[in-house]
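What follows is the residue order along each chain.
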Amino acid sequence: MGISEEIFEEFFQKLGDDVNFPRLILEELRKLWEGDEVISQEKIFDALKKDCEDVSEDQKD
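Computed from a prediction, not measured in an experiment: that's the story for all the values here.

Participant: What am I meant to see in the pattern of salt bridges here?
Facilitator: Here the idea is simple: oppositely charged side chains can pair when their charged atoms come close. A complete count under the given rule lists 3 salt bridges for this structure. When the shortest N-O distance is used, the salt bridge between Arg30 and Glu9 registers 3.4 Å. Placement of Arg30 in helix H2 (residues 23-34) and of Glu9 in helix H1 (residues 3-17) is noted, with a sequence separation of 21 residues between them.

What follows is the structure, given as structure tokens:
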């Protein structure tokens, strides 16, 4: 495992341990990391924005 993989695995583990961090966002970030496309700040921001909106909708129900 390379250094970037170790860093991201630790990052995802810490996010997963945080009970207040939305699971939908964690899953979307992990999908971006595991995908074959290049990850940009814009893609990360879009994922966070989309999932934050989804979480807000779920909390309204």
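Participant: In this structure, what is going on with the nonpolar core? I would like to understand it.
Facilitator: A general feature of soluble globular proteins is that nonpolar side chains tend to end up buried together. Counting 6 residues, the largest nonpolar core is built from Phe12, Leu15, Phe21, Ile25, Leu26 and Leu29. For this core, the secondary structure elements donating two or more residues are H1 and H2. Counting residues per element, this core draws most heavily on H2, at 3 residues.

Participant: Before we go on, may I ask you to explain the environment of Leu15 in this structure?
Facilitator: In this structure, Leu15 sits in helix H1. Taking the C-alpha atoms as reference points, Leu15 and Ile25, 10 residues apart in sequence, are found 9.7 Å from one another. Non-local contacts of Leu15, meaning those with residues more than four positions away in its chain, are made with Phe21, Arg23, Leu26 and Leu29.

Participant: Could you clarify how one ought to interpret the packing of aromatic side chains in this entry?
Facilitator: One pair of aromatic rings is described through two measures. These are the centre distance and the angle between the planes. Under the counting rule described, the total for this entry stands at 4 aromatic pairs. Summarising the aromatic geometry, the rings of Phe8 and Phe11 are spaced 6.3 Å apart at their centres and angled 85 degrees between planes, so their arrangement reads as edge-to-face. Of this pair, Phe8 and Phe11 both sit in helix H1, 3 residues apart, which is roughly one turn of that helix. The class for Phe11 is partly exposed, based on a relative accessible area of 38%. Relative to Trp33, the ring of Phe8 has its centre 4.0 Å away and its plane inclined at 15 degrees; by these criteria the two rings are stacked.

Here is what the cut-offs are and how they apply
- Per chain, residue numbering runs from 1 following the sequence as it is written.
- In keeping with the model being predicted, local features are shown solely for residues with a pLDDT of at least 70 and side-chain atom pairs are shown and tallied solely at 80 or more, while totals for entire chains, interfaces and linings include all residues.
- As a rule here, side-chain values come from all non-hydrogen atoms in the structure, and water together with hydrogens is ignored.
- Any carboxyl oxygen of Asp or Glu within 4 Å of a side-chain nitrogen of Lys or Arg constitutes a salt bridge here.
- Every helix listed is a DSSP run of H or I at least four residues long, and every strand listed is a run of E at least two residues long, numbered separately from the N terminus.
- We define the nonpolar core as a collection of buried residues of types Ala, Val, Leu, Ile, Met, Phe, Trp, Tyr and Cys that are connected through side-chain atoms lying within 4.5 Å of one another.
- Partly exposed describes any residue whose relative accessible area lies between the buried limit of under 20% and the exposed limit of over 50%, with all areas from a 1.4 Å probe on protein chains only and scaled to the type maximum.
- A contact between two residues is defined here by any heavy atoms of the two lying within 4.5 Å.
- Pairing of aromatic rings covers Phe, Tyr and Trp, the last through its six-membered ring, and needs centres within 6.5 Å; plane angles under 30 degrees mean stacked, over 60 mean edge-to-face, and all others mean tilted.

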